[in-house]
Amino acid sequence: NIQGFIFDLDGVLTDTAELHYLAWQKLADEEGIPFNREANEALRGVSRRASLMLIIGDRAYSEAQIEEMMERKNRYYVELIQHMTPKDLLPGAIALLDELRQAGIKIGIGSASKNAQTVIERLGIADKIDAIADGYSVQQPKPAPDLFLYAAKQLGLEPEQSVVVEDAAAGVEAALAAGMWAVGLGPAERVGAAHVVLPSLAGITWADLRVKLSNIAR
Ligand code: G6P
Ligand code: MG
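Residues numbered from 1 in each chain as written. Chains lettered and ligands numbered in written order. Predicted model: local features only at pLDDT ≥ 70, side-chain atom pairs only at ≥ 80, totals over all residues. Heavy atoms only, no water.

Enquirer: An account of the coordination of the magnesium ion (ligand 2) is needed here, citing residue identities and associated values.
Expert: Reference geometry at the metal: tetrahedral coordination by four donors gives ideal angles of 109.5 degrees; octahedral coordination by six donors gives 90 or 180 degrees. Coordination of the magnesium ion (ligand 2) by the protein is provided by Asp8 (OD), Asp10 (O) and Asp167 (OD), with metal-donor distances spanning 2.0 to 2.1 Å. Considered as a linear motif, the donors of the magnesium ion (ligand 2) on their single chain read D-x1-D-x156-D. A residue pair is termed long-range when its members are at least 10 positions apart, and Asp10 in the loop between strand 1 (4–7) and helix 1 (16–31) and Asp167 in the loop between strand 4 (162–166) and helix 8 (169–177) qualify at 157 residues. (Donors = N, O, S within 2.8 Å, 3.2 Å for Na, K, Ca; no water. Helix = DSSP H or I, 4+ residues; strand = E, 2+ residues; numbered from the N terminus.)

Enquirer: Account for the environment of Phe7, naming residues and giving values.
Expert: With respect to the helices, strands and loops of the structure, Phe7 is situated in strand 1. We classify Phe7 as buried; its relative accessible area is 0%. (Buried < 20%, exposed > 50% of the residue type's maximum accessible area, 1.4 Å probe, protein only.)

Enquirer: Go over the pairing of strand 1, please, and point to the residues and values.
Expert: In strand 1, alternate side chains face the same way, and those of Gly4 and Ile6 on one face and Phe5 and Phe7 on the other are all buried. When strand 1 meets strand 2 (residues 106–110), the two strands line up parallel, connected through 4 bridges. Along strand 2, the bridge assignment pairs Ile6 with Gly108. Across 4 bridges, strand 1 lies against strand 4 in parallel orientation. Among the inter-strand pairings, Phe7 is bridged to a residue of strand 4, identified as Val165. (Pairing = 2+ DSSP bridges.)

Enquirer: Now, about the site of ligand 1: what can you tell me, with residues and values included?
Expert: Taken together, Asp10, His20, Leu43, Gly45, Val46, Ser47, Arg48, Ser51, Ala112, Ser113, Lys114 and Asn115 make up the full set of residues near ligand 1. Val46 places a polar main-chain atom, nitrogen or oxygen, 2.6 Å from an oxygen atom of ligand 1. Starting from 390 Å² of accessible surface for ligand 1 in isolation, the protein chains cover 95%. Considering only residue class, the shell around ligand 1 consists of 3 nonpolar, 6 polar and 3 charged. (Near = heavy atom within 4 Å. Polar contact = N/O pair within 3.5 Å; in protein donor to acceptor, adjacent residues only side chain to side chain. Areas by Shrake-Rupley, 256 points an atom, 1.4 Å probe, with all protein chains shown as cover. Nonpolar A, V, L, I, M, F, W, Y, C, P; charged D, E, K, R; others polar.)

Enquirer: Lay out helix 10 (residues 206–214) with the relevant residues and their values.
Expert: Among all positions in helix 10, only Trp206, Leu209 and Leu213 are buried. Looking straight down helix 10, one finds its buried side chains confined to an arc of 60°; they lie on one side. If you follow the buried residues of helix 10, they end up packed against strand 1, helix 5 (93–102), strand 4, strand 5 (181–185) and strand 6 (196–198). (Arc of directions from axis to C-beta. Contact = heavy atoms within 4.5 Å.)

Enquirer: Explain helix 5 to me, and be specific about the residues and the numbers.
Expert: Residues that lie three or four places apart on an α-helix share one face, since the helix turns once every 3.6 residues. Listing the buried residues of helix 5 in full gives Ala93, Leu96, Leu97 and Leu100. Viewed along the axis of helix 5, the buried residues span an arc of 100°, placing them on a single side of the element. In this fold, the buried residues of helix 5 make contact with strand 1, strand 2 and helix 10. Immediately downstream of helix 5, the backbone of Gly104 shows phi near 80°, a positive value.

Enquirer: An account of the sheet that holds strand 5 is needed here, citing residue identities and associated values.
Expert: Ordered in space as 3-2-1-4-5-6, the 6 strands form an open sheet in which the pairing is parallel. Looking at strand neighbours, the two that pair on one side only are strand 3 (131–133) and strand 6, the edges of this open sheet. For this sheet the average axis-to-axis angle between neighbouring strands, irrespective of direction, equals 20°. Strand direction decides the pairing type here: strand 4 and strand 5, joined by 4 bridges, are parallel. Across the sheet, the residue bridging to Val164 is Ala182, located in strand 5. Where helix 8 meets the sheet, its contacts fall on strand 4 and strand 5, and the angle it forms with strand 5 comes to roughly 170°. (Axes fitted to C-alpha atoms, helices over the stretch in contact; angles between N-to-C directions.)

Enquirer: How would you summarise the environment of Arg59 if you had to cite specific residues and measurements?
Expert: When you line up the elements, Arg59 lands in the loop between helix 3 (48–56) and helix 4 (63–81). On the basis of relative accessible area, Arg59 is assigned to the partly exposed category, the value being 37%. Sequence separation of Arg59 and Lys142 is 83 residues, and the distance between their C-alpha atoms is 25 Å. Filtering out sequence-adjacent residues up to four positions away, Arg59 remains in contact with Ile33 and Pro34. Reaching out from Arg59, the side chain makes a polar contact with the backbone oxygen of Ile56 at a distance of 3.0 Å.

Shown next, in the form of structure tokens:
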């Protein structure tokens, strides 16, 4: 019996994936490291440090330089998210959030980002969210289940009562590891492990999802 939804933020409710990309691209350009949109695909849902590691590859940098670069990228990203507005919510997001609330379903955010709070405020959805698990909440990043377990706990729910909506492979893996229902957004090559795979939230209703999920024998 599903009582709550935990939404990943970046790439699910809003396309900050693009803003993360622009910030990383700027850093990579400054460092003279080849990087592009295609390479950025591998960073979807990946933590800040792990993203930087993927970008620098085997180039030699000291820990101090790594930290400086993480901070610099974050400055660029923080600057970009200041310009976000409710218009940056992805199609279908607000309708689903409102329908869930009306149905008495709890809503949480499970994002690895330390900027999740700011993004939620800029999107104007803070009053629709019951709990936020973000980049400050747990130690182990996705695909570990910790972040989603933390969110469910904040919502007062058991894993099997919770549905996670994710756009990243590591996020789907984390949801399954937590023993939760997983809805994957995007191509099957990326989120095919989820119980339900959808192209995006556009046109998706709780009424439909509920039927889809209840048809799956676990
Ligand atoms: C999310 C995003 C990643 C980002 C990570 C950390 O998982 O999908 O692209 O690297 O959060 O975000 P932060 O804002 O803390 O650097
Ligand atoms: Mg994501």
